[in-house]
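Report on the structure
Single-letter residue listing:
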Amino acid sequence: MAMLGPEEWQAVTLSLKVSTWATLLSLPLAVLAAHALARWRFPGRTLLNGVVHLPLIMPPVVTGYVLLMVFGPSGSVGRALQSLGLTLAFNWTGAALAAAVMGFPLMVRAIRLSIEAVDPRLEQAAATLGASRAWIFVTVTLPLILPGLIAGTILGFAKAMGEFGATITFVSNIPGQTQTIPSAIYAFLQVPGGETAAARLVTISIILALGALLLSESAARWAARRVGGQ
Amino acid sequence: MKLAVEMHQPMGALMLDVAFSAPPGVTVLFGRSGSGKTTVVNAVAGLVKPVRGRISLGDQVLQDSGQGIWLPPHRRRLGYVFQDARLFPHLSVHQNLVYGRRFAPRGSAAEPEARVIEMLGIGPLLQRRPGALSGGERQRVALGRALLSAPRAILADEPLAALDEARKAEILPYFERLRDEVAIPILYVTHSAAEVARLATTVVVLQDGRVVRQGTAAEVLSDPSVTPLGARAAGAVLLGTVVAHHEDGLCELDAHGVRLFLPGTVHPVGTALRLRVAAQEVILSRARPEGLSALNILPGTVEQIRSGEGPGALVSIRTQAGTVLARITRRSAAALDLNVGTECHAVIKSVAIAPEDVGG
């Protein structure tokens, strides 16, 4: 396998940048949403659950189109953000938003499952020892959901790395700007003689995915040992 | 400092409606399962919010539904020992022990860590994880964790119920030490008469969501009309001091001037002991029996006789050593012509006093 060309390198580094930002920024929100769905009873809970899961069920192209309507140059939120100096449409930040939205349901599901597995009686015990809700979350809940948190993060990251439909609809396929690995593979396959470049990127994709999987396995094992209490 | 509880709370088809106060020492909430004991303790801890109630500890009001006061659990500073220990699995024993310390106000009178660790005998466990502890060890650590959070009272909800007899015998002495060495109220829930007999300074008997009796352990357990667990589990408490250990393995006690003999205990001479005498192990005799193998024969007079539809009767006999309960048949009561005021002798076999019923 030959070395990567500059355009391919660009796609790889851009994908890593987009996915990292998408994962880091959506993680706190995913924890909050997972906690709300797992533990709180409030009006509109079913609605929230639906909205969170929508990107998982809708065609990605539709999600991308909705993002374009809302965050695009003519969308209301998009205009507001633009006046603050943040352009999302046809920009790598938009690719990060699309990746975050698409990965969000997967993160929430993994984290929610782990929160539901935490024995609420342990949190009660912490309360009787003087810990406020926030302290209970930091010192009891968070350490106990660490395996789910790690799994959710890696799942979200992997999803972000592979996102194609919503990204290409929302931010198009501009080399160096919004061309992530999947978009680049797609572009290479559209031109004659692009197969070898596409094959190189496919290999990189497989390696990255496998790496993420192995990392999540060993991290989950480490966290489970810590929580297991032996 | 006194814990005062008054609360109303629907509990299934039942209305929990209780009022009592717990002075320093151990106040035992005693009753069968489903009588509402755990709900009362959870309300004191703030884990349950009664629809109406007033709960105060000393001059601090924990809840007053009339004035809309309700302190959340983390601001009540009560050490809660749960039936299932509830140690944090991701923390070591030592981290569990000191968990509550960072939340205690500065300068609050916590027991010194070294003393608690020594008292509970958990020094060798400090670096372990809760998953590697036995049931009895877990419960000792849970007790230590509650104590080190500088609590203003201790709550214990059937802390021994999940343990086997050997483990119970291991933990009970720690609660006895706690009662005698720590000057805060302890509210202790149990459905075990043995635990009441050994621990209680005050007993509050709960039945179907109501307080049916409150008094000292000796008073309440010797009353034949109060048998929350049924006559089969009845038994009075005698108080005595160890005066001698005999070579044949017997231990001699002085109970208000009466000599009692029981199988040897580890308690040194001079120890004040409580012993529970199961009502079914007591034989009554009008004349002082002669040529009998039983070593303890206590003369007294019948104080109360209680019988229902069944064949049994529960008789309380006031003796110099204290009041003894005897569970006999109605037929025997008639044959002996037992009435209130009748003089008779209560006969207690030494070996009938179970080791778990004797405590310091």
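Look a little higher up for the structure.
Quantities reported herein were computed from a predicted structural model and do not represent experimental measurements.

By rolling a water-sized probe across the atoms, one finds the places where empty space is left. Residue and element names in this part refer to chain B. As enumerated under the stated definition, the model contains two cavities of 30 Å³ or more in all. Reported here for the largest cavity is a volume of approximately 110 Å³. In terms of lining, the largest cavity is formed by 14 residues, of which the most central are Phe 30, Leu 221, Val 226, Pro 228 and Ala 234. Here the lining of the largest cavity is composed, by residue class, of 10 nonpolar, three polar and one charged. Both of domain 1 (3-221) and domain 2 (235-350) provide at least three residues apiece to the lining of the largest cavity. For the second largest cavity, the calculated volume is near 30 Å³. Split by residue class, the lining of the second largest cavity holds five nonpolar, four polar and no charged.

Moving on to the interface of chain B and chain A. The interface of chain B with chain A comprises 23 residues on the first partner and 21 residues on the second. For the pair chain B and chain A, the two sides together bury roughly 2100 Å², of which 63% comes from carbon and sulfur. Put simply, chain B and chain A have one salt bridge between them. Between Arg 121 of chain A and Asp 84 of chain B there is a salt bridge, with the nearest N and O atoms lying 2.6 Å from each other. The interface formed by chain B and chain A includes six residue pairs in polar contact (both at pLDDT 80 or more). Among the elements of the structure, strand E7 (78-81) and helix H4 (135-148) of chain B are those that each provide at least two residues to the side of chain B that touches chain A. Within the side of chain B that touches chain A, the residues separate by chemical class into 13 nonpolar, five polar and five charged.

Let's shift gears to the sheet that holds strand E18 (residues 312-319) of chain B. Residues and elements named next belong to chain B. In spatial order, the strands read E16-E20-E17-E18-E19; together these five strands make up an open sheet with antiparallel pairing. Edge positions in the sheet fall to strand E16 (282-285) and strand E19 (322-329), since each of these pairs with one other strand and no more. Averaged over all pairs of adjacent strands, the angle between strand axes in this sheet comes to 45 degrees, irrespective of strand direction. Strand direction decides the pairing type here: E16 and strand E20 (residues 343-348), joined by four bridges, are antiparallel. Each residue of the ladder has a partner; that of Leu 284, found in E20, is Ala 346.

The rules behind these values
Residues numbered from 1 in each chain as written. Chains lettered and ligands numbered in written order. Predicted model: local features only at pLDDT ≥ 70, side-chain atom pairs only at ≥ 80, totals over all residues. Heavy atoms only, no water. 1 Å grid on protein atoms, 1.4 Å probe; cavity = no way out; pocket = protein on both sides within 12 Å on 5 of 7 lines; lining within 4 Å. Points joined across faces, edges and corners; volume = space filled by probe spheres on them. Nonpolar A, V, L, I, M, F, W, Y, C, P; charged D, E, K, R; others polar. Domains from an automatic or database assignment. Contact = heavy atoms within 4.5 Å. Buried area = accessible area lost by both parts, 1.4 Å probe. Salt bridge = Lys/Arg side-chain N within 4 Å of Asp/Glu carboxyl O. Polar contact = N/O pair within 3.5 Å; in protein donor to acceptor, adjacent residues only side chain to side chain. Helix = DSSP H or I, 4+ residues; strand = E, 2+ residues; numbered from the N terminus. Pairing = 2+ DSSP bridges. Axes fitted to C-alpha atoms, helices over the stretch in contact; angles between N-to-C directions.

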